[in-house]
Amino acid sequence: MKDKKYILVIEDDQAYGRVFTRKLTHEGYEVKWAKDGEEGLKMIDEKKPDLAIVDLMMPKIDGFGVLKGIQDRGFQDDFKVVIATNLSQNIDREKADKLGADDYFVKSNLSIKKMVDKVRENLSKN
Amino acid sequence: MFVFVTISVWFVFDLVRNVLSNEVPKQTRYLEMEINIKEASESIYLYDSLSSSVAIDQWEENISNYQEGRDLLLEYELTDEEHRIVNRLDEVKREIVNVGQRIIEINQQIGLDNNGLIGKFRNDIHFVEDVVVDRVDLHDMWLQIRRHEKDFLLHQDKIYVDQVEESVVRLRQSLQNEEARERLDSYLQYFLSAADLTLTRIELQREYRGLIAQIDDILDDELQNISTSEVDRQSQWATYSFLAIVLVLVLSVLIIYQAIRSIIDRIDYYRQVTTDITEGDIDKRIVVSENDELSRLAEDFNEMTDNILSEQIFTETLFESIGDGAIVIDSTMKIKLFNPAAERITGFSEDEVIGERFDEVIKLVHDETGHRNDSFIRKALLDGEVQYMDGTTSLVRNDGEKIAVDDSAAPIFDSNGNIKGVVIIFRDVTEQRKLEENKEMFFNIASHQLRTPLGSMRWNLEALLAGDEGEIPEKMQPILEDVKNSNERLVKLVNDLLDISRIEQGRQIDEKEVVDIKEVIDEVEHQMLPIAEEKNVELQMIIDDSIPQLQLYRREIRDVVENLLSNAIKYSGGEGGKVTLEAMFSGNNLKIQVSDTGIGIPKSDQDQIFSRFYRASNATTLNVQGTGIGLSVSKMFVEKMGGKMWFESEEEEGTVFHVVIPYNEVAVQDDA
């Protein structure tokens, strides 16, 4: 039996955090939820996930900070990092890309189903 | 000078008068006299063969003409020498007349008519002829006499006279007839007289000839002299008149030269004033003293200069007063004008920058990269069109400080339509930029803040409806569906609002990417199918294979297609109906057409359809939700891609929406 993939959701919005967790758990993943960037990096240090879903706008350390933190730790090749935000400026997308994000999507533009597809897609990437 | 002119003119006129007058020169008179004398002599000589009266008349006429000519000659002014000559001519002519008359007399005496000797002895001849005709020997002798007679008449030699005389004596001796003898004597008498006269005439003729020759000689000599003196006189006249003409010409030239000189001097003066004014002495004017056309020109010039200067002053003042920084550069990029506002903004003073190359003094850079951002100025200079700089430009002051500026560069044309320079207007928009940034930030944050609850709401609903938490009771389903729909609409609304604000700020939303239209349309179709099915609307997609790949804003074009299809389905008028989407590439354009058989758009609403928040009056009848934003945003998107969107509609029949995007606007660039 395959091991459940571990997804770390770093998201400061309560509702999003809960719906991510619920849905992805429902889809069969192991899901943990960090409420801000700082907590997120701490949890990464504890255990590297298979996929991290990171929001951009967060207090303390924001999504970019997390990306940078992952780079600093040299973890960028160890797991996939996906930026899930409600900001949609190109500049943010580029910046995320430069900082090593593997994907980027705007949450409110996707249906939940699509979100799940993206997750699956990124998990199966090499 | 005037007197000279008058005298010279008189000289010329006199000569002309002489030349043109009918007065015959002296020369001609002499010639005429010569001719007449010669003709006179001819007639004397011809006398023998002409009838006497004709010859005499001719001779008299010639003599008379000669006399006439001589009299006319005296009307000329003759020198003493000439008078002497005329007197000589007169003497000779008297002799000629004398001799001539004697010749004529003799001719008359000899004459062939009955009064003449020759006429007279004709009777005697006839008588003797008749007598001797019968006797051959006598007849022969008589014939001999007659032969000698003829010989004499022919040759006019005395020998023949003697021969005649001898022959007559001999014949006389042979004649018996007394009367014949008398007649013969008579004949001889007449003959001898005639012969004598003839011989005399010969002498006289000789004399006559001599006299004629004399006249000839005198006239010849005289003619020569006259010719020479005439020539002298005429050449004298010619010289005088030539000199006179030359004099007149020279004087005229001098007068004209003077006049021209004075005009040129005045013009030079005017030019000097013009030069002075051009070089900076702007108050200089032409001093007008005369009162002619030139001085009127001068006055007009002065007035014009005044006008120009006052206009120039006005224009300068105008330029100085402009509230924004204004710089004028010429076609070589050198700064010509620099107003106070420009000084204030850039920190440079006018004196520092005038004459300098623009790009060496004024640095316009990109806000973030710091690279030069002034190509729009060059573009204005080259293209001849007003250029606006983009909103990311800053100006570097002389102290190094960067100020956000908004600019335009407008070409300046001269009267021939050539580009002479560029006027650049710029304004410190630091405050504005900040405001814009704030606005943008506000929008970003606002939309983010709005999207977050909406987004999670959507997922929650979707999760619920997907049955994640168990099957939803049937009664709850529609309620949840409605909630989900409302949520969707809100999400879209927030997106649209954000897009609108971004477009209006001129900010780029997304990047263009290479898009396969077919793919996009398929995606949207897939999305729309369930909704169409629900409303029992037939969806038909006709997509041409020849559509090339295009550089488009994927999200935007997708939104447009979704918007149009969604509207078509929505407004299909209750149950049933057909929606057709046609996509093709023709005439170098991407064309998308969405037609429906729905309720159509009333004419009264058609103008407003693309305005934000507008919903046609008949939309509510369908109980269809719509924010009314979609079309205005779609149109904006299409136009941003360089295309056009419009529609045709008939109430109760349906609507067709057209989207046309030119290929060259969205052509895929080959970056090799």
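A few points on the structure. (Residues numbered from 1 in each chain as written. Chains lettered and ligands numbered in written order. Predicted model: local features only at pLDDT ≥ 70, side-chain atom pairs only at ≥ 80, totals over all residues.)

Observations concerning the environment of I35 of chain B
Residue and element names in this part refer to chain B.
Part 1: Secondary-structure assignment places I35 in helix 2 (residues 26-46).
Part 2: Given 15 C-beta atoms within 10 Å, I35 falls into the partly exposed group.
Part 3: Remark: the alpha-carbon pair of I35 and D216, spanning 181 residues in sequence, is separated by 9.4 Å. (Helix = DSSP H or I, 4+ residues; strand = E, 2+ residues; numbered from the N terminus. Buried ≥ 20, exposed ≤ 12 C-beta atoms within 10 Å, placed from the backbone.)

So, the packing of helix 17 (residues 554-570) of chain B against helix 18 (residues 630-640) of chain B
All names here are of chain B.
Part 1: At their nearest, the axes of helix 17 and helix 18 sit 9 Å apart, and the two run at 140° to each other. Judged on the interaxial angle alone, helix 18 and helix 17 are oblique. In this structure, helix 17 meets helix 18 at a crossing whose hand is left-handed. From helix 17, E556, D559, V560, N563, L564 and N567 reach across to helix 18, where they touch G630, L631, S634, F637 and V638.
Part 2: Partitioned by chemical class, the residues of the contact of helix 17 with helix 18 number five nonpolar, four polar and two charged. (Axes fitted to C-alpha atoms, helices over the stretch in contact; angles between N-to-C directions. Parallel < 35°, antiparallel > 145°, perpendicular 65-115°, else oblique. Left-handed = near helix turned anticlockwise from the far one by under 90°. Contact = placed C-beta atoms within 7 Å. Nonpolar A, V, L, I, M, F, W, Y, C, P; charged D, E, K, R; others polar.)

Considering helix 4 (residues 80-110) of chain B
Part 1: Here helix 4 of chain B is 31 residues long and its end C-alpha atoms lie 45 Å apart, about the 45 Å a rise of 1.5 Å per residue gives.
Part 2: Of all the residues in helix 4 of chain B, the buried ones are L89, V92, K93, I96, V99, G100, I103, I106, N107 and I110 of chain B. (Expected span 1.5 Å × (residues − 1).)

Points about the packing of helix 6 (residues 136-155) of chain B against helix 7 (residues 158-174) of chain B
For any two helices packed against each other, one specifies the inter-axial angle together with the distance between the axes.
Residue and element names in this part refer to chain B.
Part 1: Helix 7 packs onto helix 6 with a crossing angle of 165° between their chain directions and a minimal axis gap of 9 Å. Our classification of the angle between helix 6 and helix 7 gives roughly antiparallel. Note on packing geometry: the crossing formed by helix 6 with helix 7 is left-handed. For the pair formed by helix 6 and helix 7, the contact residues are L138, M141, W142, Q144, I145, H148, E149, D151, F152 and H155 on the first element and Y160, V161, Q163, V164, S167, V168, R170, L171 and S174 on the second.
Part 2: Of the residues in the contact of helix 6 with helix 7, the class split is ten nonpolar, six polar and three charged.

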